[in-house]
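Next come the chains, spelled out residue by residue.
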Protein chains: 6
Amino acid sequence: MSKETFDRGLEIRKSVLGAEFVEKSFAAADDFNMPMQELTTEYCWGAIWGREGLPRKTRSMLNLAMISALNRPHELKMHVKGALRNGVTKEEIREVLLQVAIYCGIPAGVDGFRIAREAFAEEAKAAE
Amino acid sequence: MSKETFDRGLEIRKSVLGAEFVEKSFAAADDFNMPMQELTTEYCWGAIWGREGLPRKTRSMLNLAMISALNRPHELKMHVKGALRNGVTKEEIREVLLQVAIYCGIPAGVDGFRIAREAFAEEAKAAE
Amino acid sequence: MSKETFDRGLEIRKSVLGAEFVEKSFAAADDFNMPMQELTTEYCWGAIWGREGLPRKTRSMLNLAMISALNRPHELKMHVKGALRNGVTKEEIREVLLQVAIYCGIPAGVDGFRIAREAFAEEAKAAE
Amino acid sequence: MSKETFDRGLEIRKSVLGAEFVEKSFAAADDFNMPMQELTTEYCWGAIWGREGLPRKTRSMLNLAMISALNRPHELKMHVKGALRNGVTKEEIREVLLQVAIYCGIPAGVDGFRIAREAFAEEAKAAE
Amino acid sequence: MSKETFDRGLEIRKSVLGAEFVEKSFAAADDFNMPMQELTTEYCWGAIWGREGLPRKTRSMLNLAMISALNRPHELKMHVKGALRNGVTKEEIREVLLQVAIYCGIPAGVDGFRIAREAFAEEAKAAE
Amino acid sequence: MSKETFDRGLEIRKSVLGAEFVEKSFAAADDFNMPMQELTTEYCWGAIWGREGLPRKTRSMLNLAMISALNRPHELKMHVKGALRNGVTKEEIREVLLQVAIYCGIPAGVDGFRIAREAFAEEAKAAE
């Protein structure tokens, strides 16, 4: 493991998904899933999100499109919240999901809109 | 069919995929696939690409990510060329595909890079 | 938007998914997801379901097969109910799902049978 | 293995895909892939296609939809030819593929139309 | 149906998924889904799991990898429990899921680890 | 980047895919795809294949199953050859692909068997 890449990844991951969420994930990890926490932090958040070639806002939009295509509802909700944190507006999220509906099919779009609205509602409640 | 949406779609489609390519597609269409040509032009290019909420450059990057996830090599190659036409740089295409490799898996990334290089080579040859 | 296609789509959508369900969807829609409601109604229900080339019963069976393959449980349940409304019998739904099990794999078939039974139970309860 | 189911499957498979094609497949099989030939013939063609609950024409249309969703071009081409043999018209194949384009996304539809046209051309050539 | 293959399948299915679970599945089956119970038992558990070419432990690991890729959470949880019954250790399940994360993408890995932990917790509770 | 993980990955990658193939890949890489070569070597081959928890033979079988499910023919052919190098026998490859046919569907199995036979033929020719 490269400690430098891991540390950069940890910082970005906290800034996108929320420090509290990430700290809880590590606190709840055991021998079984700690290697996954480490791999994700270093490889996904350090080695890719840590690259300079694209702004985080663009990376968030790409994730919404890809994770919709991949059909992973838990991850999609988390990345809708992350997208808001990275400055993607609700109007832009709507545009991404409409494009999903055409390219990945109507059911992918319907699921995406439902999950995004759940994410918005949870964020609004958390902000109360 | 809405003639207005179709016409806007036709213009955008030509501008992204190349007028010659689109004209050939319509010229080669017969009773069997003409409704698909029309549907794609009106809904995909008119109703979605014709919306104002996202710049075309962003829509192109979203497409590279989604079509990689969807595993459609013919369409991916066409949209790599379209992305170049929309001002996405090769460095940005690289960043999108690295993100694909992490979120959709290494084989999706490997396929994406191979297809992008084929698209670049074809564009270079066409420009000779 | 083509008002004519939208109106035809709205009528078909209500007739397949139930008028109450569709009216609730529009009533609950906000600025964020109204464009998705409109796109689905016009494009999916008007431009495709509104075509004459196949009976609605066949379109319902195709949807059960495709949505099983696409792995979208929410949409699948809705379309099982729609299939019943379009005259597909439970015996025919069973045949479609057995074919799904062979072509899309056993796990797709198992999921499809579970979801269909849930849909049947909900419809029976609603009819009480 | 149930010889009865295998024999019924072999007959149906020949009748849908062409006797010559199926005989070649068995003749070319070796120790490595013979069990796959047998499995497919018995379970897919005997145990499923051999059931009475749906006409073969409907089963062919379901296959076009599912195999498009599954993104398997070799199998799709073979089943387009099989669909013609089962009495599905080109107009009906078009309708199935338009529905694929909406539910599985535009790239799935584009690929489906291209492959169907290749299948039609190959059949026309074989009939010369 | 081959009674011999069905019987072998039933025995293996009970031994991997638990006799109680399998007996409940058959007891709860009705005209609608009994053919699916029979197909799965004969075809999946008899004709494939009943083959000698691979140890059950290896087949369990292959299933964890494939069902993760196929994105079927219900089936994945059941096969995590089956893997434990077949002697796959938690450490080996971890290794399979890390490989999933790299080849199928990080979201597939995250989902896999969450589902495996739920399966472990349910098994621990059942053993109390 | 961690040089240690990269170096371990490079060694394993060469030993599984063939030194000549890997050296050619690096020699042919340019600014565009070199980061992908490096990412794959470090994370996929170093961080995952370099772990001790599973023998390489098992990892190869998992890859055949997953890459079949992911529907990536180029990668599948490469990993069939790698599997042979890691001591997986043709009989074992057959068993994996039969299991693929049941869990991922018959078309996935058919494609897998065809690609494996192509890989075997290429290896036999290369050994002449």
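This write-up is about the structure you can find in this document.

Analysis parameters
Residues numbered from 1 in each chain as written. Chains lettered and ligands numbered in written order. Predicted model: local features only at pLDDT ≥ 70, side-chain atom pairs only at ≥ 80, totals over all residues. Heavy atoms only, no water. Contact = heavy atoms within 4.5 Å. Buried area = accessible area lost by both parts, 1.4 Å probe. Salt bridge = Lys/Arg side-chain N within 4 Å of Asp/Glu carboxyl O. Polar contact = N/O pair within 3.5 Å; in protein donor to acceptor, adjacent residues only side chain to side chain. Helix = DSSP H or I, 4+ residues; strand = E, 2+ residues; numbered from the N terminus. Least-squares fit on C-alpha atoms with pLDDT ≥ 70 in both. 1 Å grid on protein atoms, 1.4 Å probe; cavity = no way out; pocket = protein on both sides within 12 Å on 5 of 7 lines; lining within 4 Å. Points joined across faces, edges and corners; volume = space filled by probe spheres on them. Nonpolar A, V, L, I, M, F, W, Y, C, P; charged D, E, K, R; others polar.

**Side note on the interface of chain B and chain A**
- Listed as interface residues are 31 residues of chain B and, on the opposing side, 29 residues of chain A.
- Together, the buried faces of chain B and chain A total about 2,700 Å²; carbon and sulfur atoms form 70% of this surface.
- On the chain B side of the contact with chain A, B:Met66, B:Gln99 and B:Tyr103 bury the most area, a combined 26% of that side's loss.
- For the pair chain B and chain A, the number of links is four salt bridges.
- Note that A:Glu95 and B:Arg59 form a salt bridge whose closest N and O atoms lie 2.7 Å from each other.
- Scanning the region where chain B abuts chain A turns up ten residue pairs in polar contact (both at pLDDT 80 or more).
- Taken together, the elements giving at least two residues each to the side of chain B that touches chain A come down to α3 (34-48), α4 (56-70) and α6 (90-103) of chain B.

**Remarks on the relation of the copies chain B and chain A**
- Superposition of chain B onto chain A requires a rotation of 180 degrees combined with a translation of 0.0 Å along the rotation axis, giving an RMSD of 0.0 Å. Taken together, the turn and the small shift mark the pair as related by a two-fold rotation axis.
- Both copies present the same face, since 94% of the interface residues in chain B are matched by interface residues at the equivalent positions in chain A.

**Comments concerning the relation of the copies chain C and chain E**
- With an RMSD of 0.0 Å, the fit of chain C onto chain E corresponds to turning through 120 degrees and sliding 0.0 Å along the axis. In the structure described here, the two chain copies are related by an operation that fits a three-fold rotation axis. When each C-alpha of chain C is compared by its distance to the rotation axis, C:Asn71 comes out closest, at 4.6 Å.
- Different-surface contact between copies: only 5% of interface residues of chain C are shared with the interface of chain E.

**Thoughts on the interface of chain C and chain E**
- In this assembly, 21 residues from chain C lie in contact with 18 residues from chain E.
- Carbon and sulfur atoms supply 65% of the area buried between chain C and chain E, which totals about 1,700 Å² over both sides.
- Taken as a group, C:Ile106, C:Pro107 and C:Arg117 account for 33% of the area that chain C buries against chain E, more than any other trio of residues on that side.
- Linking chain C to chain E there are two salt bridges.
- Across the pair E:Arg72 and C:Asp111 runs a salt bridge, and its minimum N-O distance is 3.1 Å.
- Inspection of the chain C/chain E interface yields nine residue pairs in polar contact (both at pLDDT 80 or more).
- Of all the secondary structure elements, the ones that give two or more residues to the side of chain C that touches chain E are α4 (56-70), α6 (90-103) and α7 (106-126) of chain C.
- Per-element accounting of the side of chain C that touches chain E gives the leading share, eleven residues, to α7(C).

**Regarding empty space enclosed by the protein**
- Evaluated as defined, the whole model comprises one cavity of 30 Å³ or more.
- When its volume is computed, the largest cavity comes out at roughly 990 Å³.
- B:Ala69, C:Ala69, D:Ala69, E:Ala69 and F:Ala69 are, among the 47 residues lining the largest cavity, the residues nearest its centre.
- Residues that form the lining of the largest cavity fall into these classes: 32 nonpolar, nine polar and six charged.

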